[in-house]
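# Fold and geometry: a report
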Amino acid sequence: MRLPVKKQYDLIVIGGGAAGLTASGIAASLGARTLMVEKDRLGGDCTWYGCVPSKILLNQAKKAAISGQPADFTVIRNKLDSIRQKIYKEADHPDKFRRMGIDVENGRAKFLDRHSIRIQKDNGDVREVSGRYFIIASGSSAFVPPLSGIDQTPYLTNTTLFDRKSLPKSMIIVGAGPIGTEMAQAFQRLGTEITVVDMLDRILTNDVSDFATLLKQQLEKEGVCYRLGSNIKTVEGNETRVNITIEKDGAVEQIEAEKLLMATGRKASYEALNLEAAGVQSTKQGITVNNKCRTSRRNIYAIGDVTGLYQFTHMSEHMAKVAISNALLKIPAKIDHKHVPWCTYTDPEIAHVGATRKQLDEKGSSYEVYEFPYNMIDRAITDEVTTGRICVYAKKWSGKILGADVLGVHAGEMISQYGLAMKNGLTLKNISDTIYPYPSYSLGARRAADQWYVKSQNRAVVKLIRRLFGFQGPLPDLNDPNRIA
């Protein structure tokens, strides 16, 4: 049945994940008549299949590892479901947004032209609406490469993994990126025998190599088996057994497990939107946008995973603010590409913000590395979690921070301090001169900044001070590259 009701909106948001929810909420707070269209449940991938359930599973797995007791997966599943539902009801439920004045429609959106869409509901009803501005926030889905035999082999992705009713005895994870690495540790700790396969010769290729190596060694100690630098030749199996054939350096090996998890990245979801009708350009990576999140049509913006730029919830929210500022307020705002943080929430965590060492070296940038180990952070010592290190890349004389890497407990919280400092032009001197509570993990961020003072010391100046005030102690060894104060 067609409902030929045409309604004018100031803004129509397509997608109810993190990006769409943020954009709709801000628009409504500005007095814009807003419609949000979502084909499934509000909350999107983050609430149902990504950030939230994966962190719940990691937390439950850590508790199981500490207790040393076998995990009761039924209890874990119930916990996972209850927390997801709690977050959904408190933060993502349609009624919350309707109370804000936002119209929420459940259905599939398809462009008719640059100012109108058709919404196809599951019950067959069709509605056409028009809007002055559009924000496309349709997200992404799991990418599964065309491996030989994969179409005939049952496999899991992040969309189906968290709905399992039982814990597999063994599992092959294809992909050693953040999703694959987090789930490898989580399921291994819960009692699943894990083998990780990747064609690259290391894990977490976007993170600093030595940190990723240390994390891999930790997971290997816990029992995770790696087959890196391996090409997958064939995949076959059924609901109870999966077999993959891999090749490395000419040697062929077969690996069997009960289940197969494909953690091979994400792909932008936009094919069903009929972008051609609106004149919106796209590539295989996603919808093409400029630094203002605007597409090839001035009244249509795209944000979040669907752009193929960043696959982080926090960047989806950031892009939502950029798009709304430009579309509704006409305030120039641009995507902040320089201060993008990320964190893999393993134990220990590994996090980054700003420029990587590789990027700095490729550009020929002049910088110093300021380091501080976790085994010198008193709070980490008291908690017996001393594995890790803080590395900050900054200008030698000014202390301007260019980037940072952290491996260790609470790395995701630690890295945020450097992101805040970089965004607001604070230097290592500013951080070092700030009072931090003792004992805290955040004090480690200040101690790392203290190393700027250490490396800035000049032997001639110290000699002059020594002579001027009559000091009698020995001169410090300023040439020691490993000196830490």
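Only a predicted model underlies this, so the values are computations on that prediction, with no experimental measurement involved.

So, about the packing of helix H3 (residues 51-67) against helix H4 (residues 73-92). One can describe the packing of H3 onto H4 by two numbers: an axis separation of 10 Å at closest approach and a directional angle of 140°. Classed by the angle they form, the pair H3 and H4 counts as oblique. Along this stretch, H3 crosses H4, giving a crossing that reads as right-handed. Across from Val52, Pro53, Ile56, Leu57 and Gln60 in H3, the residues of H4 making contact are Phe73, Ile76, Lys79, Leu80, Ile83, Arg84 and Ile87. Counted by class, the contact of H3 with H4 contains 9 nonpolar, 1 polar and 2 charged residues.

Looking now at a nonpolar patch on the surface. Where nonpolar side chains cluster on the molecular surface, the patch consists of Val461, Ile465, Leu468, Phe469 and Phe471 and spans about 530 Å² of accessible area. Looking at the secondary structure, you find phenylalanine 471 in the segment after helix H16 (459-469).

Before going further, it helps to examine the sheet that holds strand E13 (residues 242-248). Adjacent strands of a sheet pair through backbone hydrogen bonds, lying either parallel or antiparallel. Read across the sheet, 3 strands follow the order E12-E13-E14 without closing on themselves; strand pairing throughout is antiparallel. The strands lining the two open edges of the sheet, one partner per strand, are strand E12 (231-237) and strand E14 (251-257). Adjacent strand axes in the sheet meet at a mean angle of 20°, parallel and antiparallel pairs treated alike. Note: E13 against E14, 7 bridges, orientation antiparallel.

Here the focus is the packing of aromatic side chains. With the rule as written, the count across this model stands at 6 aromatic pairs. Measuring from ring centre to ring centre gives 6.1 Å for tyrosine 367 and tyrosine 393, while their planes differ by 80°; the resulting arrangement is edge-to-face. In this pair, tyrosine 367 sits in the loop between helix H11 (357-363) and strand E20 (368-373) while tyrosine 393 sits in strand E21 (residues 389-394), placing the two residues 26 residues apart along the sequence. For tyrosine 393, a relative accessible area of 1% corresponds to the buried category. A cation over an aromatic ring shows up here: arginine 33 above the ring of tyrosine 9, its NZ or CZ 5.5 Å from the ring centre. Seen from the ring of tyrosine 370, lysine 455 lies directly overhead, with NZ or CZ sitting 5.5 Å from the centre.

The subject of this paragraph is the state of the cysteines. A complete count under the given rule lists 0 disulfides for this structure. Its sulfur unpaired, cysteine 343 is 11 Å from the next cysteine sulfur, which belongs to cysteine 51.

In the contact formed by H3 and helix H7 (residues 178-190), the axes pass within 8 Å of each other and the chain directions differ by 40°. In this view, H3 runs oblique relative to H7, as classed from their interaxial angle. Handedness of the crossing formed by H3 with H7: left-handed. Contact residues: Ser54, Lys55, Leu57, Leu58, Gln60, Ala61, Lys62, Ala64 and Ala65 in H3; Glu182, Met183, Gln185, Ala186, Phe187, Arg189 and Leu190 in H7.

Structurally, arginine 189 can be placed in helix H7. Not counting residues up to four positions away in its chain, the partners in contact with arginine 189 are Ala61, Lys62, Ala64, Ala65, Glu222 and Asp347.

Here we come to the pattern of salt bridges. Inspection of every chain in the model, using the stated rule, returns 26 salt bridges. Across the salt bridge formed by glutamate 128 and arginine 118, the nearest N and O atoms sit 3.2 Å from each other. Taken together, the residues span a long stretch of sequence, with glutamate 128 in strand E7 (residues 126-136) and arginine 118 in strand E6 (residues 116-120) at a distance of 10 residues. What you see here is one network of salt bridges that share partners, running through Arg77, Asp81, Arg84 and Asp163.

Rules and cut-offs
- Residues numbered from 1 in each chain as written.
- Predicted model: local features only at pLDDT ≥ 70, side-chain atom pairs only at ≥ 80, totals over all residues.
- Heavy atoms only, no water.
- Axes fitted to C-alpha atoms, helices over the stretch in contact; angles between N-to-C directions.
- Helix = DSSP H or I, 4+ residues; strand = E, 2+ residues; numbered from the N terminus.
- Parallel < 35°, antiparallel > 145°, perpendicular 65-115°, else oblique.
- Left-handed = near helix turned anticlockwise from the far one by under 90°.
- Contact = heavy atoms within 4.5 Å.
- Nonpolar A, V, L, I, M, F, W, Y, C, P; charged D, E, K, R; others polar.
- Patch = residues over 30% accessible without salt bridge, like charges linked within 9 Å, V, L, I, M, F, W, Y side chains within 5 Å.
- Areas by Shrake-Rupley, 256 points an atom, 1.4 Å probe, with all protein chains shown as cover.
- Salt bridge = Lys/Arg side-chain N within 4 Å of Asp/Glu carboxyl O.
- Pairing = 2+ DSSP bridges.
- Phe/Tyr/Trp six-rings, centres within 6.5 Å; stacked < 30°, edge-to-face > 60°.
- Buried < 20%, exposed > 50% of the residue type's maximum accessible area, 1.4 Å probe, protein only.
- Lys NZ or Arg CZ within 6 Å of the ring centre and 35° of its normal.
- Disulfide = S-S within 2.5 Å.

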